Structures are given as C-alpha cells and as structure tokens.
Amino acid sequence: MKYITYLVVGVFFGIIMYKSEAASWFRIYEMFEFGSFHMYGIIGSALFFGIIGVQIIKRKNIKAFGNQEMQLKPKKQSVPRYLIGGIVFGLGWALAGACPGPMYVLTGAGFYSILIVIGGSLLGTFVYGLVRSKLPH
C-alpha cells in the first residue's frame, strides 16, 4: 500500500510539473537567459514551502513512515563541495534541458529522447558510487 501512495503522489507531482511548464525546455532556456520570472517563481515557491515544511517537521517532531525518526542533520559546509557540485549539476541541467525531476515527466509526456539523458544520469550515479570513497568529501 505504501508504494501505491508513492506512485499516486509521484503521478500527481508529475502532472503539476507538466502543467506548470516546469519540465518545458523553453521555460528552462528562458530561465538561464534571465528572460522570464516563471521558473524562478516555481523554484522560489518550492524553496519557501520546503523551508516551512522542514521547520514544521523539526518543531513538531514528526515521524517518517514506520514511526522512524527523521534525520535532518546539517551537512558539513565547504566551498569546493557546493561549488563543484553546483557547476556539475548546472552544466548537466543546461546540456540536457532538464533537471532530474522533470526528466521522468518528459518521458511520461512522450519525449523519449530524454531516456538517453536518464541512462547517462544513472550511469553517472553508478560510477560515483564506485569512486565515492576515493573522492574528498
């Protein structure tokens, strides 16, 4: 039953992403050219509601499924970690025209060429898992 809940929430999220044009390559291109506020509004509102949600979870001590404690521990801050990660993520986003969430939405919308990007991202994740212990974190 838990997986059906995840599936329903994921489909609902995908519909919202598609209808709001957050998965549109043209909207993403506009954003990178600073030509439209549309995507900044979507990302900003997601950030706003995410901050509120995390604060509610922390203050009310809300548990995860299975009554497990949520682990919201701060990560170690370092400039190279966020700078290099941000550059790699941004380059991938700009080259593919989609960040990881909308890639699956685009597949569902019938843009099957994005499967090449999904395959590359899965391969990159696998390679990272292999070399993770050798990287400075």
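The coordinates are above.
First things first, this report covers the structure right here in the doc.

Rules behind the numbers
Along every chain, residues carry numbers that run from 1 in the direction the sequence is written. Local features in a predicted model are, by the rule used here, given only for residues with pLDDT of at least 70; side-chain atom pairs are given and counted only at 80 or more, and totals for whole chains, interfaces and linings are based on all residues. By convention in this description, side-chain values take in all heavy atoms of the structure and omit both hydrogens and water. One side-chain nitrogen of Lys or Arg within 4 Å of one carboxyl oxygen of Asp or Glu is enough to make a salt bridge. Buried means the residue's accessible area, taken with a 1.4 Å probe over protein chains only, is under 20% of the maximum for its type, while exposed means over 50%, and partly exposed covers the values in between. Planes of paired rings set the category: under 30 degrees apart is stacked, over 60 is edge-to-face and the rest tilted, where pairs are Phe, Tyr or Trp rings (Trp by its six-membered ring) whose centres lie within 6.5 Å. Note on conventions: DSSP H or I runs of at least 4 residues are helices, E runs of at least 2 residues are strands, and numbering of each starts at the N terminus.

A few words on the pattern of salt bridges. When the charged atoms of two side chains with opposite charge come close together, those side chains can pair. By the definition in use, this model includes three salt bridges. The salt bridge involving Arg27 is made with Glu21; its shortest N-O contact spans 2.7 Å. Judged by its relative accessible area of 23%, Arg27 falls in the partly exposed class. One salt-bridge network, in which partners are shared between bridges, spans Glu21, Arg27 and Glu30.

Before going further, it helps to spend a moment on the packing of aromatic side chains. Going through the model one piece at a time under the given rule, you end up with seven aromatic pairs. Their ring planes at 80° and their centres at 5.4 Å tell us that Phe32 and Trp93 sit as a pair that is edge-to-face. Here Trp93 lies in helix H4 (residues 79-96) and Phe32 lies in helix H2 (residues 25-32), a separation of 61 residues in the sequence. Assessed through its relative accessible area of 39%, Phe32 is described here as partly exposed. One aromatic cluster is present, built from ring pairs that chain together Trp25, Phe26 and Tyr29.

For Glu21, which is not glycine, the phi torsion reads 65° and is therefore positive. Locating Glu21 in the fold gives a position in the loop between helix H1 (2-19) and H2. Here Glu21 falls in the partly exposed class, since its relative accessible area comes to 35%. With a phi angle near 50°, Asn61 is a residue other than glycine that sits in the positive phi range. The topology assignment puts Asn61 in the loop between helix H3 (38-60) and H4. Judged by relative accessible area, Asn61 falls into the partly exposed class, the value being 44%.

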